[in-house]
Structures are given as structure tokens and as C-alpha cells.
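# Tertiary structure, described
Given next are the chains, with one letter for each unit.
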Amino acid sequence: ELIEAETRRIGNLIDRVEHFGDDRPTALSAVNIHDVLDRTVRGAQAGFASHIAFSVEYDPSLPEAAGDADQLLQVFQNIIKNAAESITGAHGKIKLRTSYNSGVKFAVGGNRTQNVPLQIAITDNGSGIPEAMISEIFDPFVTSKSNGSGLGLPLVSKIIAGHGGLVECDSTTGRPTFTIRLPVWRPQSGN
């Protein structure tokens, strides 16, 4: 059993390392973020987060995101798995909240800006992220887990960047919050 478990773990690690070498552009289409979040929560509750209470606060008027649903599912799974692993005790909670913030932009090549108004915040009541690590958590091989690979959050960052979005983490309140910002789907321009 130990050999089989280690073989699976190493296979998963190799798969995740291969994702970093994939430089193909992300094929974007219209994605309902709430559907992807709901799929993620259902999968988590059936497995690694069966001991966690989830709450959602969705903006019902949120437009579709420009994205790849399977890649976004992977992003949310990685963040929720980390959150579930950081929670000890019987009162674990993870909150998912979506909102629209039209004023969020960031600079991209040259003098252009990218508008990223769709906001997904994932907050947990786990042990948090050590302050000394917070600025490095999206770097490969940085981990606070004794058996972690340090590739989950860098993959999150790479996928979100491929979507033209941003991901950030705030752990100053003692309740870690990962915030993902994505562009809106624009069918006339292809994304």
C-alpha cells in the first residue's frame, strides 16, 4: 500500500511539474464561475474536505468569465485543498464569495491595461500562512507542509495569469483569504 501511495504521489508530482512547461495559450470561452465553484465544493465535500462546513455568498448578477472551466476547477481545488489541510478540529469553515468590482485593472505590456472585475474570494478559518512565507507562496517549491511539493499555488498563479487574471493572498487578519480576479467574457473580441 505504501509503494502504491508513493507511486501515485510521484506520478501526480510529475504531472504538476509538466504543467509548468506547457506554454500553449489558454483556450478561453464563456464560463459560469458559480457552476465551477459548485463542482469544486461538491468534489471537496465528497473527499478531502468532508469535515468542512462550506458557505457561499454569490453575486447573482455576475457575468460569465473568460476562462477554461477545467483549469479554473483545478485552481479552486488547489486553494480549497490547502485550506482544508490547514484546518484542525471539528469547526472548519471555508467561505466562497463572488463579486463584481469594475475598478480593478492592472498594467500589461506597453501602455495597455487589463480589466479584471470578476472577484472570487476563498476564506478559511485554518492556521493561516506564516508571515515570513506570504510573499513567496506562489513561487515553486515553497511549502510549509512536511509532505508538500510546493507546486499547488505556483500552478494556481500560472493558470490565472494564463487567463489574464490575478491571484493574491491576504493572511493578516488571521483568516487566510485568496482572491482571484478574472476578466469578463467578451464574445465580440474572442475573450
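Preceding this paragraph is the structure being described.
Just so it is clear, the model here is predicted, and its values are computed rather than measured.

### Observations regarding the packing of helix H2 (residues 33-45) against helix H3 (residues 69-86)
Axis separation between H2 and H3 bottoms out at 9 Å; the angle between their running directions is 45 degrees. The angle between H2 and H3 falls in the class oblique. You can see that H2 and H3 cross each other, and the crossing is right-handed. Between H2 and H3, the residues in contact are Ile33, Val36, Leu37, Arg39, Thr40 and Ala44 and Ala69, Asp70, Leu72, Leu73, Phe76, Gln77 and Ile80, respectively. Residue composition of the contact of H2 with H3, by class: nine nonpolar, two polar and two charged.

### Regarding the side chain of Thr98
Mapped onto the elements of the fold, Thr98 is located in strand E4 (residues 93-100). We classify Thr98 as buried; its relative accessible area is 4%. For Thr98, the contacting residues outside a window of four places in its chain are Ile33, His34, Leu37, Glu57, Tyr58, Asp59, Leu62, Gln119 and Ile120.

### Some remarks on the packing of H3 against helix H4 (residues 152-162)
Where H3 meets H4, the closest approach of the two axes is 9 Å, and the angle between their N-to-C directions is 150 degrees. With respect to their mutual orientation, H3 and H4 come out roughly antiparallel. The crossing of H3 and H4 is left-handed. On the side of H3, the interface is formed by Gln71, Leu72, Gln74, Val75, Asn78, Ile79 and Asn82, while H4 contributes Gly152, Leu153, Leu155, Val156, Ile159 and Ile160. Within the contact of H3 with H4, the residues separate by chemical class into eight nonpolar, five polar and no charged.

### Here's the deal with the pattern of salt bridges
A complete count under the given rule lists four salt bridges for this structure. Here Arg39 makes a salt bridge to Asp70, at a shortest N to O gap of 3.8 Å. Note that Arg39 is positioned in helix H2 and Asp70 in helix H3, a separation of 31 residues in sequence. One salt bridge connects Lys81 with Glu85, and the closest N-O pair in it is separated by 2.5 Å. Residue Lys81 and its partner Glu85 are located together in helix H3, separated by four residues, close to a single helical turn. Accessibility expressed as a relative area gives 36% for Lys81, which makes it partly exposed.

Definitions and limits used
- Residues numbered from 1 in each chain as written.
- Predicted model: local features only at pLDDT ≥ 70, side-chain atom pairs only at ≥ 80, totals over all residues.
- Heavy atoms only, no water.
- Axes fitted to C-alpha atoms, helices over the stretch in contact; angles between N-to-C directions.
- Helix = DSSP H or I, 4+ residues; strand = E, 2+ residues; numbered from the N terminus.
- Parallel < 35°, antiparallel > 145°, perpendicular 65-115°, else oblique.
- Left-handed = near helix turned anticlockwise from the far one by under 90°.
- Contact = heavy atoms within 4.5 Å.
- Nonpolar A, V, L, I, M, F, W, Y, C, P; charged D, E, K, R; others polar.
- Buried < 20%, exposed > 50% of the residue type's maximum accessible area, 1.4 Å probe, protein only.
- Salt bridge = Lys/Arg side-chain N within 4 Å of Asp/Glu carboxyl O.

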